[in-house]
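Chains, contacts and geometry: an overview
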Amino acid sequence: MIDNIPLNAFLVISTLMFFIGIYGFLTRRNLITMLMSIELILNSVNINFVVFNKFLYPNQLHGHFFSLIVIAVAASEAAVAIAIIINIYRNFKSIDVENLDQMKF
Amino acid sequence: MNSYAYTLLIPLIPFFVFVSVGMAEDKLKGKLGGLIGTAGLGIATFLSYFTAFKYFISDHVAGTGYTSVKAFEITWLHLTDKLTINLGVLIDPISVMMLVVITTVSFMVHIYSLGYMEGERGFARFYAFLSLFSFSMLGLVLATNLFQMYIFWELVGVSSFLLIGYYYEKPSAFSAAKKAFIVTRFADLGFLIGILILSFNTGTFDFKELTNPHGIAIASMGGAAFMGLSVITWALIFIFIGGAGKSAMFPLHIWLPDAMEGPTPVSALIHAATMVVAGVYLVARLFPVYSQTGPAALQVVAWVGAFTSLFAAVIATTQTDIKRVLAFSTMSQIGYMMLSLGVSKYGGEDGLGFMASNFHLFTHAMFKALLFLGAGAVIHAVHSNDMNDMGGLRKYLPITHITFLIACLTIAGIPPFSGFFSKDEILSAAFESNKILFGIEYFVAGLTAFYMFRLYYNIFWGHDRHYHHTPHEAPLVMTVPLMILAFGSIFSGFLPFHNLVTSDGLAFESHIDWMIAIPSILVGVLGIAVATIMYKKENALPDKVAASFSFFYRWAFKKFYVDEFYMFVTKKIIFNYISRPVAWFDRHIVDGTMNGIANLIVFVSFNIKGLQSGRVQQYAFVFVGGVVAMVLIFVYVL
């Protein structure tokens with residue numbers, strides 16, 4: 001069944017996810033939501049890896065391994081990011097990025 | 001390894017003394033530093049005498065000439081296969097003679113300073129510097145090649161700087177030290193240029209190759225001509241400029257009188273007997289090159305020497321600072337040595353001037369060190385340098401008086417003292433070569449006798465001045481060196497120099513030419529007689545004579561305004577017309593460009609700093625926008 005779905009369909013989905021992620025990252029004020037947007041961006045990339053592997057080199061697995069690495073990195077990144085967010089919350093009693101503009105000249 | 005390898009120790013012992021005494025300066029109580037220095041130099045002196053004995057007597061096969069021996073040599077810098085710089089020890093007649101001169105005078109000065117410098121602050125420092133100087137000077141005379149000589153030449157300059165500026169709290173002392181260093185350094189620039197031209201044209205630094213009269217190095221010289229003189233002649237003239245700077249030849253002599261600000265033993269060691277004859281040694285060392293390829297350069301040497309000896313002798317008759325009189329007398333005597341080298345030819349009896357120059361160097365070292373140390377004893381007794389503060393001292397300082405008188409008779413050329421023999425040889429050499437030069441030197445010989453006895457009578461005769469306390473004879477540690485040097489002044493004239501130190505290493509027959517000797521004795525006696533009439537009993541005669549020559553006297557008293565001329569050239573011309581515009585350019589154009597760039601960057605960053613808002617989403621937006629823009633450019637434009 002999956003063989004009948006054209007390549008473009010996957011790419012459309014992945015592109016949509018990517019830009020939704022960008023949009024969310026730029027517009028959301030909540031740090032957690034921004035983190036979730038980053039996850040969307042990463043997953044859209046994962047889809048691209050798997051799909052291109054399937055369509056271009058069906059007998060090899062390199063693309064799959066890349067997606068696995070990305071997932072692992074994303075997991076550790078989420079752990080670090082959440083630790084940072086918790087510390088920010090402790091200091092500012094808020095996780096709204098609007099309040100976090102101390103890092104300037 | 002050969003049987004002279006131990007000579008390496010002669011310069012190295014003072015070096016180790018310098019390092020150890022210099023490092024432990026604070027910890028050496030009392031005279032310990034001085035005793036270590038004196039002991040080290042004593043060993044070096046012993047080794048030098050042993051070397052002289054071995055080289056001139058025990059190793060010498062009768063009837064053959066003296067050859068030069070490389071006792072030791074290592075390659076210090078290997079730049080290319082053709083260009084290597086070596087360090088080593090060269091033993092030949094002049095270097096062995098210089099070893100004896102340097103270590104003798106230095107050893108005497110070391111002993112003398114134990115008394116003279118007693119209780120001075122930095123006593124150990126003084127001895128450390130003396131050892132450094134001895135090391136440099138010994139390294140200089142033992143150098144196997146021009147480059148090594150240049151290195152030690154500069155080291156000698158540095159140690160001279162340190163010793164002149166020993167009383168560094170005194171403004172006059174450190175400005176004298178600076179003056180000496182700058183003037184000699186300026187002259188060394190000429191030396192360096194000369195070395196480069198000479199070794200570029202001959203392909204070697206090595207003295208043995210350079211000065212072999214039948215070798216390839218001399219044959220290959222010639223080269224292109226520049227302004228009517230060959231390149232080699234120019235190189236030799238440049239090298240002589242270096243020598244003239246160290247030897248205080250006109251017009252590079254201005255540092256020597258000021259250098260008298262240093263302690264008196266230093267003046268005796270550096271500015272009378274050793275460092276100032278380095279220029280003579282340099283020309284003597286390269287003498288085969290001078291005589292075979294650069295007769296024009298030798299003419300320059302002769303005339304500069306003759307002029308300086310006259311010039312300095314005239315100034316010496318008017319000065320009242322006793323050390324300055326001796327300084328000008330040193331210049332005058334070194335002028336003799338230079339002249340003597342300049343009129344000499346290579347080989348056999350034609351090389352009389354070469355022998356006479358080295359002979360005079362040897363005797364001069366003895367009697368001039370004696371004069372300076374005697375002057376030091378006088379200064380020690382009356383605490384003044386000015387002869388107007390002295391008089392009648394012969395009663396109080398009997399030993400100093402007798403030794404000083406011996407030295408004065410020696411320098412005046414009265415037989416049988418050594419100065420008579422060496423000066424006679426110089427006058428004979430000049431007479432055979434050029435009658436005008438002979439005439440100048442003959443006149444200077446009389447002048448020398450006159451100003452030395454003027455000095456002598458002013459110090460030791462006449463009536464007593466008001467002394468703060470009764471002058472007393474110096475301690476034994478100071479008078480013994482005086483006696484030893486007086487012994488050297490009397491008897492060194494009997495050394496058979498014409499058998500030992502000659503231009504080609506071969507002995508030749510030399511005898512006193514009474515046709516020249518008798519007039520030269522007469523002119524010396526005349527000078528002494530005039531001085532006796534004018535200065536033995538105080539009378540109005542000196543003032544009358546000075547008044548009748550008033551214009552000339554004032555010029556000579558002001559040292560012919562050479563210092564003022566230099567100040568005019570440097571301050572008025574160089575500072576005003578070169579340094580000031582250059583400084584203006586540096587401050588306004590060079591610095592202005594740099595400040596302008598910095599100000600521009602400050603201005604721009606001040607204006608764009610608002611872009612760093614601290615808002616992470618704004619950064620991300622700019623970043624994404626940038627990526628999109630780049631994608632668009634890559635896709636549609638490129």
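See the structure above.
Anyway, here's the lowdown on the structure attached to this text. For every chain, the first residue of the written sequence is number 1, and numbering continues from 1 onward in sequence order. Written order determines the labels here, with chains lettered from A and ligands numbered from 1. Side-chain atom pairs in this predicted model are given and counted only at pLDDT of 80 or more, local residue features only at pLDDT of at least 70, and totals for whole chains, interfaces and linings cover all residues. Side-chain metrics in this entry use all non-hydrogen atoms of the structure; hydrogen atoms and water are not considered.

**Some words on the overall build of chain B**
Counting its secondary structure elements, chain B contains 26 helices and four strands. Projected onto its principal axes, the C-alpha positions of chain B cover 110 × 65 × 55 Å. To sort residues, take the accessible area from a 1.4 Å probe on protein chains only and compare it with the maximum for the residue type: under 20% means buried, over 50% means exposed, and anything in between is partly exposed. Sorting the 638 residues of chain B into buried and exposed places 55% on the buried side. Partitioning the contacts of chain B with sequence separation of at least 6, the portion at a separation of at least 24 is 79%. The helix and strand labels rest on DSSP assignments: H or I over at least four residues marks a helix, E over at least two residues marks a strand, and numbering proceeds from the N terminus. For this analysis, residues touch if any pair of their heavy atoms sits within 4.5 Å.

**Brief notes about the overall build of chain A**
Assigned secondary structure in chain A consists of three helices and zero strands. Out of the 105 residues in chain A, the part that is buried amounts to 27%. Put simply, of all contacts in chain A between residues at least 6 apart along the chain, 60% involve residues at least 24 apart. Accessible area for chain A stands at about 7,300 Å²; split by element, carbon and sulfur atoms hold 71% of it. Under this rule, positive means Lys or Arg and negative means Asp or Glu; His and the chain ends count for nothing. Charged groups are reduced to one reference atom each: NZ for lysine, CZ for arginine, CG for aspartic acid, CD for glutamic acid. Chain A carries 6 positive and 6 negative side-chain charges, and their two centres are separated by 6 Å. Reported accessibility uses the Shrake-Rupley method at a 1.4 Å probe radius. Residues are deemed covered only where the shown protein chains occlude them.

**Points about unusual backbone geometry**
Residues and elements named next belong to chain B. With an omega of 0 degrees, the peptide bond running from F250 to P251 counts as cis. Along the chain, the position of P251 falls in the loop between α9 (231-246) and α10 (255-258). In this structure, the amide linkage connecting P415 to the following residue, P416, adopts the cis form with an omega of 5 degrees. Looking at the element boundaries, P416 is found in the loop between α17 (398-412) and α18 (418-433). Unusually for a residue other than glycine, H383 sits at a positive phi of about 55 degrees. Its location among the elements puts H383 in the loop between α16 (352-382) and α17. You can call H383 exposed: its relative accessible area is 56%.

**Looking at the side chain of S613 of chain B**
Inspection of the secondary structure assignment puts S613 of chain B in the loop between α25 (562-608) and α26 (616-637). What makes S613 of chain B buried here is its relative accessible area of 13%. N or O atoms within 3.5 Å of each other form a polar contact, as long as, within protein, one can give a hydrogen and the other can take it, and as long as residues adjacent in sequence are counted only when both atoms are side-chain atoms. Polar side-chain contacts of S613 of chain B include one of 2.6 Å to the side chain of Q618 of chain B. Apart from residues lying up to four places away in sequence, S613 of chain B is in contact with D101 and K104 of chain A together with Q618 and Y619 of chain B.

**Concerning a negative patch on the surface**
Residues and elements named next belong to chain B. On the surface, E349, D350, E432 and E509 cluster together to form a negatively charged patch. Turning to its location among the elements, E349 is positioned in the loop between α15 (322-343) and α16. Under the relative-accessibility criterion, E349 is labelled exposed at 52%. Note on patches: the residues involved have over 30% relative accessible area and no salt bridge, like charges join within 9 Å, and the nonpolar side chains Val, Leu, Ile, Met, Phe, Trp and Tyr join within 5 Å. Here, a salt bridge means any side-chain nitrogen of Lys or Arg that lies within 4 Å of a carboxyl oxygen of Asp or Glu.

**Remarks on empty space enclosed by the protein**
Residue and element names in this part refer to chain B. Cavity means a closed set of points on a 1 Å grid over the protein atoms alone, one where a 1.4 Å probe fits but cannot get out, pocket means an open set with protein on both sides within 12 Å along at least 5 of 7 lines, and lining means a residue has an atom within 4 Å of a point. Grid points are joined across faces, edges and corners, and a volume is the space filled by probe spheres set on the points. Tallied over the full model, the rule gives three cavities of 30 Å³ or more. A volume near 50 Å³ is recorded for the largest cavity. A412, G413, G419, F420, K423, D424, L427, A445, S520, V523 and G524 together form the lining of the largest cavity. At the level of secondary structure, the elements contributing two or more residues to the lining of the largest cavity comprise α18 and α22 (514-535). Top element by residues in the lining of the largest cavity is α18. It accounts for five residues.

**Describing the layout of surface pockets**
Residues and elements named next belong to chain B. Roughly 860 Å³ of volume is contained in the largest pocket. T317, F450, R454, M534 and Y535 are, among the 34 residues lining the largest pocket, the residues nearest its centre. The set of elements that each furnish at least two residues to the lining of the largest pocket consists of α19 (435-460), α22, α23 (541-548) and α24 (550-557). Here the lining of the largest pocket gets seven residues from one element, more than from any other, and that element is α19.

**Concerning the packing of helix α2 (residues 32-58) of chain B against helix α3 (residues 93-116) of chain B**
Residue and element names in this part refer to chain B. Where α2 meets α3, the closest approach of the two axes is 9 Å, and the angle between their N-to-C directions is 155 degrees. It follows from the interaxial angle that α2 and α3 lie roughly antiparallel. Seen from above, α2 lies across α3 with left-handed handedness. In this classification, Asp, Glu, Lys and Arg are treated as charged, Ala, Val, Leu, Ile, Met, Phe, Trp, Tyr, Cys and Pro as nonpolar, and every other residue, Gly included, as polar. Here the contact of α2 with α3 is built from residues that sort into 14 nonpolar, eleven polar and no charged. An axis is simply a line fitted to the C-alpha atoms; with a helix, the fit covers only the stretch in contact. Between two such axes, the angle follows the N-to-C directions and lies from 0 to 180 degrees. Angles below 35 degrees are treated as roughly parallel, those above 145 as roughly antiparallel, those between 65 and 115 as roughly perpendicular, and all remaining angles as oblique. A crossing counts as left-handed when the near helix is turned anticlockwise from the far one by less than a right angle, and as right-handed when that turn is clockwise.

**Description of a nonpolar patch on the surface**
A surface patch of nonpolar side chains, amounting to about 1,300 Å² of accessible area, comprises F623, V627, V628, M630, V631, L632, I633, F634, V635, Y636, V637 and L638 of chain B. Relative to the helices and strands, I633 of chain B resides in helix α26.

**Here we look at the packing of aromatic side chains**
All names here are of chain B. Ring geometry is summarised as follows: Phe, Tyr and Trp rings, the Trp one being its six-membered ring, pair when their centres sit within 6.5 Å, and such pairs are stacked at plane angles under 30 degrees, edge-to-face over 60 and tilted between the two. One pass over the full model with this rule turns up 36 aromatic pairs over all chains. With centroids separated by 6.5 Å and ring planes inclined at 45 degrees, the aromatic side chains of F15 and F18 adopt a geometry described as tilted. Pair noted here: F15 and F18 are both in helix α1 (residues 9-23), with a separation of three residues, about one helical turn. What makes F18 partly exposed here is its relative accessible area of 22%. Note on F307 and F311: the rings are 5.7 Å apart at their centroids and 25 degrees apart in plane angle, and the pair reads as stacked. One end of the pair, F307, and the other, F311, are both in helix α14 (residues 295-316), four residues apart, so they sit about a helical turn from each other. Among the aromatic residues, ring-to-ring pairing joins F404, F453, Y456, Y457, F460 and W461 into one connected group.

**Focus on helix α6 (residues 171-202) of chain B**
Between its terminal C-alpha atoms α6 of chain B stretches 46 Å, which fits the 46 Å expected from 32 residues at 1.5 Å a residue. Two residues or fewer after α6 of chain B comes G203 of chain B, characterised by a positive phi angle close to 75 degrees. By this rule, a helix spans an expected 1.5 Å times one less than how many residues it contains.

**Some details on the pairing of strand β2 (residues 84-91) of chain B**
For β2 of chain B, a buried count of six out of eight residues is recorded, marking the element as mostly surrounded by other parts of the structure. Hairpin connection, strand β1 (residues 69-78) of chain B to β2 of chain B: the antiparallel pair is bridged by five residues. For two strands to be treated as a pair, DSSP must find no fewer than two bridges joining them.

**Let's talk about the interface of chain A and chain B**
In this complex, chain A contributes 14 residues to the contact, which on the side of chain B involves twelve residues. Between chain A and chain B, roughly 1,000 Å² of surface is buried when both sides are summed, and carbon and sulfur atoms account for 60% of that area. Where chain A touches chain B, the interface holds one salt bridge. We note a salt bridge from E98 of chain A to R615 of chain B, for which the minimum N-O separation is 3.5 Å. Inspection of the region where chain A meets chain B yields four residue pairs in polar contact (both at pLDDT 80 or more). Here the element with the most residues in the side of chain A that touches chain B is helix α1 (residues 7-27) of chain A; it accounts for four residues. Accessible area that two parts lose when put together, with a 1.4 Å probe and added across both, is what the buried area reports.

**Remarks on the packing of α19 of chain B against α22 of chain B**
Residue and element names in this part refer to chain B. Between α19 and α22, whose axes approach to 8 Å, the crossing angle comes to 35 degrees. Classified by chirality, the crossing of α22 by α19 is right-handed. Residue-level contacts link F438, Y442, A445, G446, A449, F450, F453, R454, Y457 and N458 of α19 to I516, P519, S520, V523, G524, G527, I528, V530, A531, T532, M534 and Y535 of α22. Looking at the contact of α19 with α22 residue by residue, the classes come out as 15 nonpolar, six polar and one charged.

**Focus on the pairing of β1 of chain B**
As judged from the eight bridges shared by β1 of chain B and β2 of chain B, these two strands associate in the antiparallel manner. By the bridge assignment, F72 of chain B is partnered in β2 of chain B with V89 of chain B.

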